[in-house]
Amino acid sequence: MKEKIFIEGGKKLSGTIPISGAKNSCLTLMPLSLLSEHALTLKNVPSLSDVDTMNSLLKSLGCLVNYTKSEKRLNLKMSDQTLFLADYEIVKKMRASILVLGPLLARFGQAIVALPGGCAIGARPINLHLMALEALGARFSIENGYVKGKVGSRLKGCKIEFPFKSVGATANTIMAAVLAKGSTKLLNVAREPEIIDLCKCLKAMGSKIEGEGESTIIIEGVDSLLETAHSVVMDRIELGTFIIAGAIADSDIKLTGGNTALLEKFIDKLYRVGVEVHQTKDYISVKRINSSAIKSTNILTEPFPGFPTDLQAQMMALLSIAEGVSIIEEKIFENRFMHVPELIRMGANIEIEGRKAIISGVDKLKAAPVKATDLRASVSLVLAGLVAEGNTEIDKIHHIDRGYEDIIEKLTACGADIRRH
Ligand code: EPZ
């Protein structure tokens, strides 16, 4: 019998929630172990099923993996039995598996990676990954659902302009270019904090990179990389999620280990709806201004530093109890409204018009049996359950375990009546 989450709504929260290391940085950092024969030690690694999946993938490629959950420390080191096949059975579970493609081509000149396939939120093609890696000298063929890559001699640096910003394509290309011969200039790259974290780790490994966090990155290829230890940046999406937990439950909570500088646009939007987020040197505090009702606002999801698409579903849960009508436009993914029908089951009043969701705030959400469909949709149902009248039951909660470390324990410690069994 699969586990479900049960939440008795209406409880006030109080207390402190620690923020973990970023899933999306961790999944981008782990493939760096393929780029060097030396050890890579990652600290502040969250215990998540996606991290387990990436560990399984790296093991299948010949990497020695040792994760100490209590210390949140992950030790990775390539053995001399390197394999080059990323099998569909692993890749189909997690799209981020494609991030081994660039490192395998850069270090070993060959790779066979299952095409990730789509997922709940969209088709999520990898054409930009392949375009950029081809520009560096890789040649690809697509056979039986696998992308087979080969490099004649060594990848060669060049100038690459991305038609639009892609986090994964930016990461894959950077990881390939650091071992290419000569200089690479990347234009219109993703500026996410996870890209900055990746470059910080690569520079500690001896890479020569400039411009990370801006739209143009310059990389001078090197011949080999060094052993290093790196601490994963905090998870800004987890931070944003728990900020909304405090806001939706009209509670004053504190968050530790966070950094509001990575969420400026999001925090500005929260202020506009009546929620004050304040950072001291020890914690981040969240509270409604004068305990007033949440106001409506309009949201447009954009690449960093815009409003993060990974906080869209969570913001929708908050706006579903706002005063007035809000419009959320999802500009990044073509199908990231799977949480809407579930929120409607809980009494939300939401209409979808193409990539826009029109949310007419209601006074109260009501508990209902609902199901999780993808990672961020599932956590938006938890947020709605915190404030819904009655006992909300959430099915298919394996989605949550992909990206939220100890979420039940963290919310229970603040007084939420939430259990899983
Ligand atoms: C990363 O996915 C994150 N995942 C996603 O987080 C996040 O939503 C996304 O970036 C946007 O911020 C990880 O970092 C592991 P993209 P990624 O390439 O790299 C299209 C979560 O909930 N595109 O920036 O796959 C794509 O379909 C997850 O933690 C192409 O068309 O996102 C999308 O519409 C969900 N061709 C848009 O670009 C390509 O070759 C942005 O995707 C690549 C992408």
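Residues numbered from 1 in each chain as written. Predicted model: local features only at pLDDT ≥ 70, side-chain atom pairs only at ≥ 80, totals over all residues. Heavy atoms only, no water.

**Some thoughts on the overall build of the chain**
Then comes step 1: Along its length, the chain carries 14 helices and 24 strands.
Then comes step 2: The globule rule puts the C-alpha radius of gyration for 421 residues at 22 Å, and the 22 Å found for the chain is close to it.
Then comes step 3: Over its C-alpha atoms, taken along the principal directions, the chain stretches across nearly 65 × 45 × 45 Å.
Then comes step 4: Within the chain, the proportion of its 421 residues that are buried is 56%.
Then comes step 5: Once local pairs closer than 6 in sequence are excluded, the contacts in the chain between residues at least 24 apart make up 72%.
Then comes step 6: If you sum the accessible surface of the chain, you get close to 16500 Å²; carbon and sulfur atoms cover 50% of it.
Then comes step 7: Distance between charge centres in the chain, computed from 52 positive and 48 negative side chains, equals 2 Å. (Helix = DSSP H or I, 4+ residues; strand = E, 2+ residues; numbered from the N terminus. Rg over C-alpha atoms; globule rule 2.2 N^0.38 Å. Buried < 20%, exposed > 50% of the residue type's maximum accessible area, 1.4 Å probe, protein only. Contact = heavy atoms within 4.5 Å. Areas by Shrake-Rupley, 256 points an atom, 1.4 Å probe, with all protein chains shown as cover. Lys, Arg positive; Asp, Glu negative; His and termini not counted. Charge placed at Lys NZ, Arg CZ, Asp CG, Glu CD.)

**Details of the site of the ligand**
Then comes step 1: Lining the immediate environment of the ligand, one finds 22 residues, of which N127, L128, S166, D310 and I332 sit closest.
Then comes step 2: The contact in question runs from an oxygen atom of the ligand to an N or O atom on the backbone of P125, over 3.3 Å.
Then comes step 3: R376 places a side-chain nitrogen or oxygen 2.8 Å from an oxygen atom of the ligand.
Then comes step 4: Summarising the interface, the protein chains cover 87% of the accessible area of the ligand, which totals 830 Å² for the free molecule.
Then comes step 5: Sorting the residues of the shell around the ligand by element identifies α1 (23–29), α5 (127–135), α6 (167–177) and α12 (375–387) as the ones contributing at least two each.
Then comes step 6: Among the elements that make up the shell around the ligand, the one with the highest residue count is α5 (three residues).
Then comes step 7: Per-class residue counts for the shell around the ligand are ten nonpolar, six polar and six charged.
Then comes step 8: Taken domain by domain, the shell around the ligand gets at least three of its residues from each of domain 1 (5–20 + 234–420) and domain 2 (23–231). (Near = heavy atom within 4 Å. Polar contact = N/O pair within 3.5 Å; in protein donor to acceptor, adjacent residues only side chain to side chain. Nonpolar A, V, L, I, M, F, W, Y, C, P; charged D, E, K, R; others polar. Domains from an automatic or database assignment.)

**Some points on the sheet that holds strand β20 (residues 349–353)**
Then comes step 1: Within the open sheet, the four strands sit side by side as β18-β19-β21-β20. Their pairing is mixed. Of all strands in the sheet, those with a lone pairing partner are β18 (298–300) and β20, marking the two edges. Strand-to-strand, the axes of this sheet are offset by a mean angle of 15°, without reference to chain direction.
Then comes step 2: Looking at chain direction, β18 and strand β19 (residues 325–329) are connected through three bridges and run parallel. (Pairing = 2+ DSSP bridges. Axes fitted to C-alpha atoms, helices over the stretch in contact; angles between N-to-C directions.)

**Looking at the packing of aromatic side chains**
Then comes step 1: Within the structure shown, the criterion is met by two aromatic pairs.
Then comes step 2: When the ring of F84 is compared with that of F108, the centres are 5.3 Å apart and the planes differ by 55°; the resulting orientation is tilted. With F84 in the loop between β5 (73–78) and β6 (85–86) and F108 in helix α4 (residues 101–108), the pair connects residues that are 24 residues apart, well separated along the chain.
Then comes step 3: F108 gets classed as partly exposed once you look at its relative accessible area, which sits at 23%.
Then comes step 4: With a centroid separation of 5.8 Å and an interplanar angle of 55°, the aromatic rings of F266 and F307 are classed as tilted. With a gap of 41 residues between them, F266 in helix α9 (residues 264–272) and F307 in the loop between β18 and α10 (312–319) connect regions that are remote in the sequence. One exposure class covers both F266 and F307, and it is buried.
Then comes step 5: Note that K254 overlies the ring of Y283, its terminal NZ or CZ placed 4.9 Å from the centroid. (Phe/Tyr/Trp six-rings, centres within 6.5 Å; stacked < 30°, edge-to-face > 60°. Lys NZ or Arg CZ within 6 Å of the ring centre and 35° of its normal.)

**Focus: the pattern of salt bridges**
Then comes step 1: A complete count under the given rule lists 22 salt bridges for this structure.
Then comes step 2: With its nearest N and O atoms 2.9 Å apart, the salt bridge here joins R420 to E3. Of the two residues, R420 is situated in strand β24 (residues 417–420) and E3 in the segment before β1 (5–8); the sequence distance between them amounts to 417 residues.
Then comes step 3: According to the relative accessible area criterion, R420 is partly exposed, its value standing at 28%.
Then comes step 4: The partner of R336 in a salt bridge is D310, with the nearest N and O atoms 2.7 Å apart. Placement of the pair is R336 in the loop between β19 and α11 (339–345) and D310 in the loop between β18 and α10, with a sequence separation of 26 residues.
Then comes step 5: You can call R336 buried: its relative accessible area is 8%.
Then comes step 6: Under the relative-accessibility criterion, D310 is labelled buried at 15%.
Then comes step 7: A network of salt bridges, in which partner residues are shared, links E3, D401 and R420. (Salt bridge = Lys/Arg side-chain N within 4 Å of Asp/Glu carboxyl O.)

**Overview of the domain arrangement of the chain**
Then comes step 1: What the domain assignment reports for the chain is domain 1 (5–20 + 234–420) and domain 2 (23–231).
Then comes step 2: Each of domain 1 and domain 2 was reduced to a C-alpha centroid, and the two centroids are 31 Å apart.
Then comes step 3: At the junction of the two partners, domain 1 supplies 22 residues and domain 2 supplies 22 residues.
Then comes step 4: Looking only at domain 1, the three residues that lose the most surface to domain 2 are F304, R402 and E405, adding up to 35% of its buried area.
Then comes step 5: Between the two partners, domain 1 and domain 2, sit three salt bridges.
Then comes step 6: Between K72 and E405 there is a salt bridge, with the nearest N and O atoms lying 2.7 Å from each other.
Then comes step 7: Linking domain 1 with domain 2 are ten residue pairs in polar contact (both at pLDDT 80 or more). (Buried area = accessible area lost by both parts, 1.4 Å probe.)

**Side note on α4**
Then comes step 1: The buried fraction of α4 is high, at six of eight residues.
Then comes step 2: Taken together, the buried positions of α4 are L101, G102, P103, L104, L105 and A106.
Then comes step 3: A positive phi of about 75° marks G109, the residue just after α4.

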